Amino acid sequence: MTDNHNNDKSLPEQEGLDPTINQEEAPSENQPHSQAKSPDSNQKSDQNKEMDQTFDQETNNDLKEGNETQQQAPSPENPPNNSELPTQNQPTESDKEKAKKKAAAAAKAKAAAKAKAAEKATSAKAEKTEEEEELPSYNQPLLNKYVEVIKEHLGEDVIEEAYINRLSKHVPTIVTTPEAYYSVAQFLKYNEQLGFDFLSDYHGTDFETHYELYAHLYSLLNHQSIALKVKLDHEHPSIESLAQLWEGANWPECEAYDLLGIEFRNHPSLHRIFLGEEWKGYPLRKDYQPYDEEV
Amino acid sequence: MLRTEEMLLNVGPQHPSTHGVFRLVVKIDGEIIKEAKPVIGYLHRGTEKIAEDLQYTQIIPYTDRMDYLSAMTNNYVICHAVETMMDLEIPERAEYLRVLSMELGRVASHLVWFGTYLLDIGAVSPFLYAFREREAIINLLTELSGARLTFNYMRIGGVKWDAPEGWLDRVREFVPYMREQLQGYHDFVTGNEIFHQRVKGVGTYTRDDAINYSLSGANLRCTGVEWDLRKHESYSIYDRFQFDVITRQEGDALSRYHCRMGEIEESLKIIEQAVEQCPEEGKILAKVPKVVKPPKGEAYVRIESPRGEIGCYIASQGKKEPYRLKFRRPSFYNLQILPKLLEGENMANLITILGGVDIVLGEVDG
Amino acid sequence: MKGIGKGLAYTLKNMSKKQMTYTYPDEPIPMPDRFRGIQKFYPEKCIVCNQCSNICPTDCIDLTEKKHPDPSVKRKIIDTFDINFEICILCDLCTEVCPTEAIIMTNTFELAEYSRDELFKNLEWLDENEDNTREENKA
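Residues numbered from 1 in each chain as written. Chains lettered and ligands numbered in written order. Predicted model: local features only at pLDDT ≥ 70, side-chain atom pairs only at ≥ 80, totals over all residues. Heavy atoms only, no water.

**Quick look at the UniProt feature "binding site: [4Fe-4S] cluster 2" (unreviewed entry) in chain C**
Residues and elements named next belong to chain C.
Here is step 1 of the chain: Per the UniProt annotation, the sites labelled "binding site: [4Fe-4S] cluster 2" (unreviewed entry) are Cys-56, Cys-88, Cys-91 and Cys-94. On the basis of their most widely separated C-alpha atoms, the annotated residues across 39 residues gather in one place, lying no more than 10.8 Å apart.
Here is step 2 of the chain: Here Cys-88 lies in the loop between strand S3 (76-84) and helix H3 (93-97).
Here is step 3 of the chain: Sequence-distant contacts of Cys-88, that is, excluding residues within four places in its chain, are made with Gln-39, Thr-58, Cys-60 and Ile-83.
Here is step 4 of the chain: As for its position among the elements, Cys-91 is in the loop between S3 and H3. (UniProt positions renumbered as here; feature names shortened; annotations may be inferred. Helix = DSSP H or I, 4+ residues; strand = E, 2+ residues; numbered from the N terminus. Contact = heavy atoms within 4.5 Å.)

**Things to note about the packing of helix H7 (residues 140-154) of chain A against helix H8 (residues 181-190) of chain A**
Residue and element names in this part refer to chain A.
Here is step 1 of the chain: Where H7 contacts H8, the two axes come as close as 11 Å, and the packing angle between them is 120°. On the basis of their axis angle, the class for H7 and H8 is oblique. Relative to H8, the crossing made by H7 is right-handed. In this structure, H7 contributes Val-149, Ile-150, His-153 and Leu-154 to the contact, and H8 contributes Ser-183, Val-184, Phe-187 and Leu-188.
Here is step 2 of the chain: Looking at the contact of H7 with H8, its residues break down into six nonpolar, two polar and no charged. (Axes fitted to C-alpha atoms, helices over the stretch in contact; angles between N-to-C directions. Parallel < 35°, antiparallel > 145°, perpendicular 65-115°, else oblique. Left-handed = near helix turned anticlockwise from the far one by under 90°. Nonpolar A, V, L, I, M, F, W, Y, C, P; charged D, E, K, R; others polar.)

**Concerning the UniProt feature "binding site: [4Fe-4S] cluster 1" (unreviewed entry) in chain C**
Residues and elements named next belong to chain C.
Here is step 1 of the chain: Residues annotated by UniProt as "binding site: [4Fe-4S] cluster 1" (unreviewed entry) correspond here to Cys-46, Cys-49, Cys-52 and Cys-98. Spanning 53 residues, the annotated positions come together in the fold, the maximum distance between their C-alpha atoms being 10.7 Å. Within the annotated group, the residues that form the lining of the second largest cavity are Cys-46, Cys-49, Cys-52 and Cys-98.
Here is step 2 of the chain: Within the secondary structure layout, Cys-46 lies in the loop between strand S1 (39-41) and helix H2 (51-55).
Here is step 3 of the chain: Apart from the residues within four sequence positions on either side, Cys-46 is in contact with Phe-41, Arg-75, Ile-78, Thr-100 and Ala-102. (1 Å grid on protein atoms, 1.4 Å probe; cavity = no way out; pocket = protein on both sides within 12 Å on 5 of 7 lines; lining within 4 Å.)

**Concerning the interface of chain B and chain A**
Here is step 1 of the chain: Listed by partner, the interface residues are 62 residues for chain B and 68 residues for chain A.
Here is step 2 of the chain: Contact between chain B and chain A buries roughly 5500 Å² in total, counting both sides, with carbon and sulfur atoms accounting for 56%.
Here is step 3 of the chain: When the area that chain B buries against chain A is broken down by residue, the three leading residues are Lys296(B), Glu298(B) and Tyr323(B), summing to 14%.
Here is step 4 of the chain: Inspection of the region where chain B meets chain A yields four salt bridges.
Here is step 5 of the chain: Note that Glu255(A) is salt-bridged to Lys326(B), the shortest N-O span being 2.8 Å. (Buried area = accessible area lost by both parts, 1.4 Å probe. Salt bridge = Lys/Arg side-chain N within 4 Å of Asp/Glu carboxyl O.)

**Some remarks on the interface of chain B and chain C**
Here is step 1 of the chain: Taken together, the contacts link 35 residues of chain B with 26 residues of chain C.
Here is step 2 of the chain: Between chain B and chain C we count three salt bridges in total.
Here is step 3 of the chain: The partner of Lys160(B) in a salt bridge is Asp92(C), and the shortest N-O contact between them spans 3.3 Å.
Here is step 4 of the chain: Where chain B meets chain C, there are 19 residue pairs in polar contact (both at pLDDT 80 or more).
Here is step 5 of the chain: Elements with a minimum of two residues in the side of chain B that touches chain C: helix H2 (56-64), helix H5 (125-145), helix H6 (167-190) and helix H7 (193-199) of chain B.
Here is step 6 of the chain: With eight residues, H5(B) is the single largest residue contributor to the side of chain B that touches chain C.
Here is step 7 of the chain: Its residues assigned to classes, the side of chain B that touches chain C shows 13 nonpolar, 13 polar and nine charged. (Polar contact = N/O pair within 3.5 Å; in protein donor to acceptor, adjacent residues only side chain to side chain.)

**Some details on unusual backbone geometry**
The phi torsion of most residues other than glycine is negative, and most of the peptide bonds are trans.
Residue and element names in this part refer to chain A.
Here is step 1 of the chain: With phi around 55°, His-223 is a residue other than glycine that occupies positive phi space.
Here is step 2 of the chain: Topologically, His-223 is positioned in the loop between strand S4 (211-219) and strand S5 (224-232).
Here is step 3 of the chain: With a phi angle near 60°, Asn-266 is a residue other than glycine that sits in the positive phi range.
Here is step 4 of the chain: Tracing the backbone shows Asn-266 in the segment after strand S7 (263-265).

What follows is the structure in structure tokens.
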């Protein structure tokens with residue numbers, strides 16, 4: 001038996017709130033009961049609620065900042081943070097009212113424990129990210145170089161966006177226009193300065209407002225990475241195939257065609273690689289309905 | 001001159017030498033392959049779709065079932081992706097346990113390849129010896145994680161269990177034993193003339209082809225590209241260990257064999273150093289909230305699995321489930337070069353070439 | 001020919017070595033303590049918190065609750081508890097989240113049955129599944 005194991009399985013008498021921590025859907029009857037069992041847990045949970053609010057505000061602000069400064073994918077159907085915001089952001093709400101809302105309390109208890117556990121870590125992290133926000137990333141000069149070279153050769157308007165993705169080990173990320181996608185990819189591969197000859201990953205994502213293709217390129221010459229992205233129209237996603245540049249893009253494109261319904265023009269053999277041609281619908285689309293409900 | 005006729009031949013989907021459910025439609029003229037068309041998808045379980053409804057912790061057991069011969073690296077890649085997004089610091093001991101389990105898994109995986117590859121090309125007994133050693137590794141990993149293949153051992157921020165008592169000593173004892181056996185394999189197989197005739201110069205491709213087809217792992221290194229993510233894009237604590245990246249220049253099936261056998265040796269070196277450096281005790285799980293919610297955004301990380309570069313892309317909306325999860329599965333990319341390699345080859349070389357690519361169908365189909 | 005000779009020498013050398021195979025169905029295989037076999041369930045320990053069924057990646061746990069027979073005790077107790085072993089992947093997450101260790105893994109790994117219906121294990125079966133319970137977990 002390990003320390004960790006024992007910690008995880010602390011008895012309910014010791015931590016009255018524990019059983020309800022993990023789920024919102026838990027039968028709400030459990031909540032008052034377990035609180036009754038350990039009288040001091042009431043106080044505890046109130047404290048935690050406050051902590052939890054501050055914590056959630058912090059993270060929300062954090063996230064917002066991140067979005068404004070960095071990026072990217074306009075969240076289609078609002079992330080949960082926004083929808084939770086109103087309830088979480090009512091510090092004036094009296095404790096009595098809170099007690100009434102049992103289900104909400106359960107959810108908060110969960111968040112409270114989370115806040116408790118992560119409080120130190122997040123506060124430290126929050127400071128850290130703020131610092132980072134001020135400092136340009138260590139990859140910023142590289143990104144600037146790429147953007148400059150591309151603009152010089154292919155024109156000003158081929159790049160929609162260029163930023164450092166701090167979440168992903170600070171990889172320089174470039175979003176191109178669909179029209180210029182192929183030529184940018186070609187340029188990234190064959191330019192002597194850049195030489196991104198290795199296609200590491202290539203896949204698509206349905207962001208509901210648009211499709212996005214993500215290609216992670218690597219230069220075995222310079223040992224540098226770049227993420228090349230392109231946003232596609234949601235109605236008729238269609239783009240020039242990269243399989244002529246990298247043979248390795250052949251199957252990943254078939255995969256994206258099979259599971260997401262993205263059409264690749266001039267692909268040598270575009271087919272439904274996993275599901276077969278008779279399959280109806282594209283499973284990784286967010287609006288996908290399983291064809292046969294029974295299965 | 002014998003008159004020959006073109007014919008279509010199905011290899012698989014149920015064929016022992018395809019190592020799973022993989023079908024190859026070959027058009028042959030006499031003994032010569034005119035065209036080969038791989039058909040995959042028989043083991044497609046939609047892991048990425050299932051994962052969109054699951055919490056991050058719940059996805060980990062599913063990753064076990066992709067590359068089932070080295071589930072530890074799969075476990076690690078998703079944990080690593082989430083940890084990168086959340087900027088988590090992993091406790092020392094957990095890192096060492098992770099490295100140890102991943103490297104043991106790598107040795108086991110290469111042993112399976114070694115055994116089954118030789119079985120494919122007609123040598124039966126190496127298979128028995130390889131699985132004997134693999135059994136020792138599996139026993140070690142069972143003691144650690146509680147399962148023989150589907151370990152489900154890693155967690156976001158650390159590992160599930162600490163090492164049981166005496167486990168590290170047993171790992172330490174295993175290293176010299178494995179070295180001795182490895183020497184035995186070299187005596188047994190590496191110098192064998194029949195083996196050389198079967199694999200030397202078969203399935204050759206060039207460095208440019210390998211890069212162009214996005215090959216990775218031993219399939220890339222056998223053409224002289226010195227590229228190992230453990231060394232060149234160091235993750236976890238791999239920068240603390242001394243080991244070499246094994247490369248070969250020839251790019252044929254024999255060079256891939258040498259690369260993989262060399263990698264077993266290098267993995268043993270890492271295991272040896274990790275056992276020595278591993279702290280006596282310490283935390284094995286970082287402070288992680290009970291429900292893991294990475295911040296909004298996306299991340300792509302990649303690590304070195306026995307078969308090559310395994311990557312994980314997460315697009316998160318800040319919820320407890322990923323918005324989109326994508327695995328870059330090395331076998332899927334590596335297999336793409338197969339039709340090119342088979343064209344114009346002798347039918348007898350088909351299995352030699354296919355086996356040399358080292359695929360796991362659970363991973364090809366996702 | 002030299003290589004073949006070497007190989008034969010290796011084979012001969014191994015013939016005198018210790019036998020590595022198991023005589024499995026005749027002799028049971030001892031599994032280490034952490035082995036993840038079919039679960040054992042303690043109904044008296046269960047506090048019906050639902051965490052196991054929520055964490056289950058394949059949704060194979062079904063449970064219902066009922067009132068405590070003694071009306072003065074407010075606590076709910078477990079009524080039915082079913083695990084569907086057709087889809088259980090023995091991932092151990094249910095035992096990991098259980099706050100009272102009411103559900104634990106045993107070392108029993110033989111799951112073969114003649115009928116699929118028998119793979120639905122109910123509360124009684126899981127309660128009686130005691131053959132291979134680990135020493136440390138014996139209640």
